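Read off the chains here:
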Amino acid sequence: MKLLSIVGARPQFIKVAPFAREIADHNKKGGAPLEHLIIHTGQHYDAGMSDIFFEELEIPRADFNLGVGSGRHGSQTGQMLEKIEQVLLDTRPDMVVIYGDTNSTVAGALAAVKLHIPVAHVEAGLRSFNRRMPEEINRIVADHTSDILLAPTPTAMANLAREGLSQKAHWTGDIMYDAVLFNRKLASHKSEIFPRLSISPDGYGLVTVHRADNTDNEQRLGSLLTVFNEIAERRMPLVFPIHPRTAKLIGERFPTWTAHPRLRLIEPLGYLDMLCLLDHARLVLTDSGGLQKEAFLLGRPCVTLREETEWVETVEAGGNVLAGVDSARIWQAVMEWEERSQKGTNEFSDRLIASFGDGRAA
């Protein structure tokens, strides 16, 4: 049987790693052999955003790199669709495996289904119910065109049932939990991020911002930059691995803005460095779906800079606070986490396995 995985963005590289290891283990045990090919669309195309992930996570090098790069959603997805289709025609896999909710995901789903190749969607059923998010559209299209829906949580299963998709849905647990468990110890031994940044574990907050809703809206982005400086000045040092697109927009729209000395803007990090930073962060402020969930898996308090989340389990279990970009709400969430931490009441891991499985999703 020939499987073909399609990836293109950092979270997808992380998700394909446990799957690739499981296939390799299966083949070593002498079962019916599985051939596994990987397409890298090039959606995250620079070395800091892609190559380092393949190296660190020991993912087999992609068999095909389409080199699509960045661009407007229609153009980028269209180029991926055309190039993926050609690879599928050349390789004729028995099944295509897609991951998450990026343009690479939806392009892979559409290319395969139009060629009548079965599709399995890893991380199916997530819904933020905000159709302004491109990711939400990608999720819906991917789920409704796929043949097998591999859902990470019971909530995702319920979402699929409401859309009439329960017959092809399976609760597997979350493959990102597999990755976190496997790589946590590796990160603690391999990462040299603390001496490199001259910071101490548990003495900083971790910040990421990349969602279009936040970066493309000048008022929202400006509000976040202001509150980050205030938190850095008055509460704790912040480390901000900055997405290239976010850095570009800040430079264009806020040319006179200066980060507070305790707000450290750094280049994007490899997965192990980022995991190590996350594992020892005093607090996480992010608009990333993946990072808020990883924070929960690692027991790190999180403030999500959005009005909604596809990972509602993290909020329901008390490990995540939705604050949007309102300065007052962000400050309230930060202060609440600080108070809970001082009282020793910020433990929220008891519902982890019930929500995300046992770390054997792959």
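Just so we're clear, the structure is a prediction, and the values are computed from it rather than from any experiment.

A. Representation of the sheet that holds strand 3 (residues 64-65). Taken in spatial order, the 7 strands of this open sheet run 3-2-1-4-5-6-7, and their pairing is parallel. Looking at the sheet topology across the chains shown, the edges are occupied by strand 3 and strand 7 (169-171). Relative to strand 5 (residues 119-122), strand 4 (residues 95-99) is paired through 4 bridges, and the arrangement is parallel. Note on strand 5: the bridge partner recorded for Tyr99 is Val122. Against the sheet, helix 4 (residues 103-114) engages strand 1 (2-7), strand 4 and strand 5, with an angle of about 160 degrees to strand 4.

B. Structural view of the side chain of Glu136. As for its placement among the helices and strands, Glu136 is situated in helix 5 (residues 134-145). Side-chain polar atoms of Glu136 contact the backbone nitrogen of Ser128, separated by 2.9 Å. Leaving out residues up to four positions away in the same chain, Glu136 has contacts with Leu126, Arg127, Ser128, Phe129, Asn130 and Arg131.

C. How the structure looks around unusual backbone geometry. Unlike most non-glycine residues, Glu123 shows phi in positive territory, near 80 degrees. On the secondary structure map, Glu123 appears in the loop between strand 5 and helix 5. Positive phi is not limited to glycine here, since Asp202 has a value of about 65 degrees. Tracing the sequence through the fold places Asp202 in the loop between helix 8 (193-197) and strand 8 (205-208). Looking at Asp202, the relative accessible area reads 42%, which means it is partly exposed.

D. How the structure looks around the sheet that holds strand 9 (residues 238-241). Spatially, 10-9-8-11-12-13 is the arrangement adopted by the 6 strands of the open sheet, whose pairing is parallel. Since the sheet does not close on itself, it has two edges, and those belong to strand 10 (263-266) and strand 13 (320-322), each with one partner. Direction aside, neighbouring strands of the sheet carry axes that sit 20 degrees apart on average. Pairing geometry for strand 11 (residues 283-286) and strand 12 (residues 302-304), over 3 bridges, is parallel. What sits directly across from Thr286, in strand 12, is Thr304. In this fold helix 13 (residues 289-297) packs onto strand 8, strand 11, strand 12 and strand 13, with an angle of close to 165 degrees to the strand it touches most, strand 11.

E. Structural view of the packing of helix 4 against helix 5. Interhelical geometry of helix 4 versus helix 5 gives an angle of 25 degrees and a closest axis separation of 9 Å. In terms of their interaxial angle, helix 4 and helix 5 are classed as roughly parallel. Between helix 4 and helix 5 lies a crossing whose hand is left-handed. Here Asn103, Thr105, Val106, Ala109, Leu110 and Val113 of helix 4 come into contact with helix 5, specifically with Asn138, Val141, Ala142 and Thr145. Considered class by class, the residues forming the contact of helix 4 with helix 5 number 6 nonpolar, 4 polar and no charged.

F. Quick peek at the nonpolar core. Counting residues in each nonpolar core, the largest one holds 89 residues, and the members touching the most others are Phe228, Ile231, Leu238, Leu277, Leu285 and Ile330. Leave out the neighbours within four places in its chain, and Ile330 touches Leu224, Val227, Ile231, Leu285, Leu305, Ala323, Gly324 and Val325. By size, the runner-up hydrophobic cluster in this structure holds 20 residues, among which are Ile6, Leu66, Val87 and Leu88.

G. Looking closely at the pairing of strand 8. Side chains Gly205 and Val207 project from strand 8 onto one buried face, and the interleaved Leu206 and Thr208 project onto a second face that is buried too. For strand 8 and strand 9, the ladder comprises 2 bridges, and the chain directions are parallel. Across the sheet, Gly205 pairs through a bridge with Leu238, a residue of strand 9. The pairing of strand 8 with strand 11 spans 4 bridges and is parallel. By the bridge assignment, Thr208 is partnered in strand 11 with Thr286.

H. The arrangement of the pattern of salt bridges in detail. The tally for this structure, following the rule as stated, stands at 21 salt bridges. Asp213 is paired through a salt bridge with Arg132; the nearest N and O atoms lie 3.8 Å apart. A residue pair is termed long-range when its members are at least 10 positions apart, and Asp213 in helix 9 (residues 212-215) and Arg132 in the loop between strand 5 and helix 5 qualify at 81 residues. What makes Asp213 partly exposed here is its relative accessible area of 25%. A salt bridge links Arg196 to Asp273, with the shortest nitrogen-to-oxygen separation between them at 2.6 Å. Of the two residues, Arg196 sits in helix 8 while Asp273 sits in helix 12 (residues 271-279), which places them 77 residues apart along the sequence. Here the residues in one salt-bridge network are Asp101, Glu135, Glu136, Arg139, Arg211, Arg306, Glu308 and Glu310, joined through shared partners.

Cut-offs and rules
Residues numbered from 1 in each chain as written. Predicted model: local features only at pLDDT ≥ 70, side-chain atom pairs only at ≥ 80, totals over all residues. Heavy atoms only, no water. Pairing = 2+ DSSP bridges. Helix = DSSP H or I, 4+ residues; strand = E, 2+ residues; numbered from the N terminus. Contact = heavy atoms within 4.5 Å. Axes fitted to C-alpha atoms, helices over the stretch in contact; angles between N-to-C directions. Polar contact = N/O pair within 3.5 Å; in protein donor to acceptor, adjacent residues only side chain to side chain. Buried < 20%, exposed > 50% of the residue type's maximum accessible area, 1.4 Å probe, protein only. Parallel < 35°, antiparallel > 145°, perpendicular 65-115°, else oblique. Left-handed = near helix turned anticlockwise from the far one by under 90°. Nonpolar A, V, L, I, M, F, W, Y, C, P; charged D, E, K, R; others polar. Core = buried A, V, L, I, M, F, W, Y, C linked by side-chain atoms within 4.5 Å. Salt bridge = Lys/Arg side-chain N within 4 Å of Asp/Glu carboxyl O.

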